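Listed below are the residues making up each chain.
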Amino acid sequence: MRPLKTAGMPFNCLLLLAVTLSTSLSDQTRADPNEDWYQVELIVFSQQDLYQDEQHPTNIRLQYPENWQRLENDTSTSADNPQPAEQLLIRLEKEDFSLGPDEYTLNRAAGYRVLTHMAWRQPGLGQAQSPWIIVSGGHRHGNHHELEGSIRLVVTRYLHIQADLWKTSFATTAGTGTASPGNPDRPDSWPQLPVKPWLAALPVPGDASPAAAIDTSSPVDRRHPPVKKIIVLNQSEQVDLNKLTYLDHPEMGVLVLVTRHTSAAAD
């Protein structure tokens, strides 16, 4: 893991300020193959890169996976919008969260801002079966959010968390994107933000069949200010049960806590 570049107090010190677990920690890392259920909780946050030496290439590819699921409905869509697969997840409410102290500490620390805090329960599933959970958070700009992407828990011999996230900085008005090492020419040199997968499944006006590809030049799909910068966090990490895992990026971080849940079938 690369050295952390953070504003103000070092991130490891911030974690020590928060009491995150009320139960004793376990060193167990091996996944049980008997289709156990797991509880996954994560916090995605932005952090200030004081050194500003990170290069952000514009030739990046942003896309949503085919095997996706949502924990909640987006206000820009109807409750009838489809999920691509059988719903395997149980969304948790805030009263069931364990990382509340960490969210509080991050939001009060200089240079940090929580973009989303979410949790769910799911059965232990392998690479081919485990669904990607759609993630969004931060400020909203038209049909897009500052934070978008997907994340999932995969059970092989061990537990792994896989993240494909991007954080977009938008210009306040058209033509105000500034030059940077990753964006040397103009705001529109960045790739087009992908259409959310449930929007891509909606029928095209005048066409009775679902759209294989949305017309991304339409106002509905491009309803956001010009893009100034996009940073990508694409990582896969082994996780230990009951231990906090940190996915690192100079301008964004993810805290993940995975615990075993034994009574999901009765919930």
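Asker: What is the right way to read the sheet that holds strand 1 (residues 37-47) from this model?
Answerer: Two modes of strand pairing occur in sheets, parallel and antiparallel, and in both the strands are linked by backbone hydrogen bonds. With antiparallel pairing, the five strands of this open sheet are ordered in space as 3-4-1-10-9. Strands at the two margins of the open sheet, each flanked by one partner only, are strand 3 (90-91) and strand 9 (244-249). As paired strands, strand 9 and strand 10 (residues 252-261) are joined by six bridges and run antiparallel to one another. The residue of strand 10 that forms the bridge with Thr-245 is Val-256. Against the sheet, helix 2 (residues 100-108) touches strand 1, strand 4 (112-123), strand 9 and strand 10, its axis set at about 165 degrees to strand 4.

Asker: How do you make sense of the pairing of strand 7 (residues 159-170) when you look at a structure like this?
Answerer: The buried fraction of strand 7 amounts to 10 of the 12 residues, a majority that puts the element mostly inside the structure. One ladder, built from nine bridges, connects strand 6 (residues 144-155) with strand 7; its direction is antiparallel. Following the sheet pairing, Leu-153 is matched in strand 7 by Ile-161. Where strand 6 folds back on strand 7, the antiparallel hairpin that results is connected by three residues.

Asker: So what exactly am I meant to see when it comes to the sheet that holds strand 8 (residues 227-239) here?
Answerer: Spatially, 2-5-6-7-8 is the arrangement adopted by the five strands of the open sheet, whose pairing is mixed. Because the sheet does not close on itself, it has two edges, and the strands there are strand 2 (68-69) and strand 8.

Asker: Got a minute to help me understand the pairing of strand 5 (residues 132-141) in this structure?
Answerer: One face of the sheet, then the other: side chains in a regular strand alternate in exactly this way. The sheet contact formed by strand 2 and strand 5 spans two bridges and is parallel. Within strand 5, the residue paired with Gln-69 across the bridge is Ile-133. The pairing of strand 5 with strand 6 spans seven bridges and is antiparallel. Note on strand 6: the bridge partner recorded for Val-135 is Gly-149.

Cut-offs and rules
- Residues numbered from 1 in each chain as written.
- Predicted model: local features only at pLDDT ≥ 70, side-chain atom pairs only at ≥ 80, totals over all residues.
- Heavy atoms only, no water.
- Pairing = 2+ DSSP bridges.
- Helix = DSSP H or I, 4+ residues; strand = E, 2+ residues; numbered from the N terminus.
- Contact = heavy atoms within 4.5 Å.
- Axes fitted to C-alpha atoms, helices over the stretch in contact; angles between N-to-C directions.
- Buried < 20%, exposed > 50% of the residue type's maximum accessible area, 1.4 Å probe, protein only.

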